[in-house]
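Results of the structural survey
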Amino acid sequence: MVKWLRSSNVSSVLLAIIRIYLGVLWLMAGIEKVSGFTAEKFISAAIKSPVLEPTGHSAYGWYTSILENFVAPNIGIFNFLVVWGEIFIGLGLIFGAFTTTATFFALMMNFSYLLSGSISVNPKYIVLEFIVIVAGYNAGKLGLDRFIIPFIREKVPFLKNSVEDY
C-alpha cells in the first residue's frame, strides 16, 4: 500500500483530490479567523477543563502546563500563528507546494486541538493527512512540488539528502 501511495500515477490523482479537499478546508478555516479571532477562551477552557483519564486525573498534564505557562501568556503570538498557519497550510495543500511540510504542520495543529480536548473534525483530518504524508513526494507531484523538489535537489546540495525521499 505504501509503495503504491508513493509511486503510482493513479494514487497521485487521488492524493491530489485529498490534499486539495483538505487545503480548501484549512484555507476556509483560516480566512474565517482573519478578523477578530482570539484563542483566549479556547485556551482558558482547555486549562480549566483538561482531557481526563478514566481515573479522573489529567491525561495530558504536560500539555496543560504548556498551555498555562507558555501559550496563555503569549496568546497574541498564538492567535497570529493559528490564523496564518491555517491559511498557509491550506495554500500549500491546494497548490501542492511543500506538501509534506504543510501536512506535517496540519497534523501538529490537529493534535494540538485534540490534546486540548477538541474532537471536532480533527480525527478525520488526521487520517487523511497521514495518507498524504506517507505518500511523500507523490502527494504533490500534480502540483508545484513537481518543480520545487527537483529544483531543491539540484540547486541546494546540502539539502539533497533531506529531500531525497520527500
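Provided above is the structure to which this section pertains.
Structure report, in brief. Here the structure is a predicted model, which means the values were calculated and not measured. (Residues numbered from 1 in each chain as written. Predicted model: local features only at pLDDT ≥ 70, side-chain atom pairs only at ≥ 80, totals over all residues. Heavy atoms only, no water.)

Structural notes on the packing of helix H3 (residues 40-48) against helix H4 (residues 61-71)
In helix packing, the relevant descriptors are the interaxial angle and the interaxial distance, both defined with respect to the helix axes. Look at H3 against H4: their axes get within 9 Å of each other, and the N-to-C directions meet at 135°. With respect to their mutual orientation, H3 and H4 come out oblique. Crossing angle aside, the handedness with which H3 passes H4 is left-handed. Residues Ile43, Ala46 and Ile47 of H3 pack against Thr64, Leu67, Glu68 and Val71 of H4. Its residues placed into classes, the contact of H3 with H4 shows five nonpolar, one polar and one charged. (Axes fitted to C-alpha atoms, helices over the stretch in contact; angles between N-to-C directions. Helix = DSSP H or I, 4+ residues; strand = E, 2+ residues; numbered from the N terminus. Parallel < 35°, antiparallel > 145°, perpendicular 65-115°, else oblique. Left-handed = near helix turned anticlockwise from the far one by under 90°. Contact = heavy atoms within 4.5 Å. Nonpolar A, V, L, I, M, F, W, Y, C, P; charged D, E, K, R; others polar.)

Structural notes on the nonpolar core
Side chains of nonpolar character tend, in soluble globular proteins, to be buried together. Ranked by size, the top nonpolar core spans 17 residues in total, and within it Leu22, Trp26, Ile89, Leu93 and Met109 carry the most contacts. Elements with a minimum of two residues in this core: helix H2 (9-33), helix H5 (75-95), helix H6 (99-115) and helix H7 (122-135). Setting aside residues no more than four positions away along its own chain, Leu93 makes contact with Arg19, Ile20, Leu22, Gly23, Trp26, Thr99, Ala102 and Thr103. Formed by seven residues, the second largest nonpolar core is a distinct cluster that contains Ala39, Ile43, Tyr63 and Val71. (Core = buried A, V, L, I, M, F, W, Y, C linked by side-chain atoms within 4.5 Å. Buried < 20%, exposed > 50% of the residue type's maximum accessible area, 1.4 Å probe, protein only.)

Focus: the pattern of salt bridges
By the definition in use, this model includes two salt bridges. Taking the shortest distance from any N to any O, the salt bridge between Lys155 and Glu154 comes out at 3.5 Å. (Salt bridge = Lys/Arg side-chain N within 4 Å of Asp/Glu carboxyl O.)

Remarks on H7
End to end, H7 covers 20 Å across 14 residues, agreeing with the expected 20 Å (1.5 Å per residue, within 8%). Buried residues of H7: Asn122, Tyr125, Ile126, Leu128, Glu129, Val132 and Ala135, and no others. Those residues of H7 that are buried lie in contact with helix H1 (2-7), H2 and H6. (Expected span 1.5 Å × (residues − 1).)

Details of the environment of Ser35
When you line up the elements, Ser35 lands in the loop between H2 and H3. Accessibility expressed as a relative area gives 64% for Ser35, which makes it exposed. With 48 residues separating them in the primary sequence, Ser35 and Val83 have C-alpha atoms 9.4 Å apart.

Looking at the packing of aromatic side chains
Given two aromatic rings, their pairing is described by the distance between the two centres and the angle made by the two planes. Counted by the stated rule, this structure contains eight aromatic pairs. Consider the rings of Trp62 and Tyr63, whose centres lie 5.6 Å apart with planes at 80°: the pair is edge-to-face. Judged by its relative accessible area of 52%, Trp62 is exposed. Plain terms: the ring middles of Trp84 and Phe88 are 6.1 Å apart, the flat faces sit at 40° to each other, and that makes the pair tilted. Residue Trp84 and its partner Phe88 are both found in helix H5; the two are separated by four residues, about one turn of the helix. An aromatic cluster is defined as three or more aromatic residues linked by ring pairs; in this entry it consists of Phe80, Trp84 and Phe88. The lysine or arginine in question, Lys33, covers the ring of Phe37, its NZ or CZ lying 5.7 Å from the ring centre. The positively charged end of Arg153 is found above the aromatic ring belonging to Tyr137, 5.7 Å away from the centroid. (Phe/Tyr/Trp six-rings, centres within 6.5 Å; stacked < 30°, edge-to-face > 60°. Lys NZ or Arg CZ within 6 Å of the ring centre and 35° of its normal.)

Here we look at H6
For H6, with 17 residues, the first-to-last C-alpha span of 24 Å sits near the 24 Å given by 1.5 Å per residue. Regarding H6, the residues found buried are Thr99, Thr100, Ala102, Thr103, Ala106, Leu107, Met109, Asn110 and Tyr113. Where H6 is buried, its residues touch H2, H3, H5, H7 and helix H8 (145-155). Remark: Gly117 follows H6 within two positions and exhibits a positive phi of approximately 100°.

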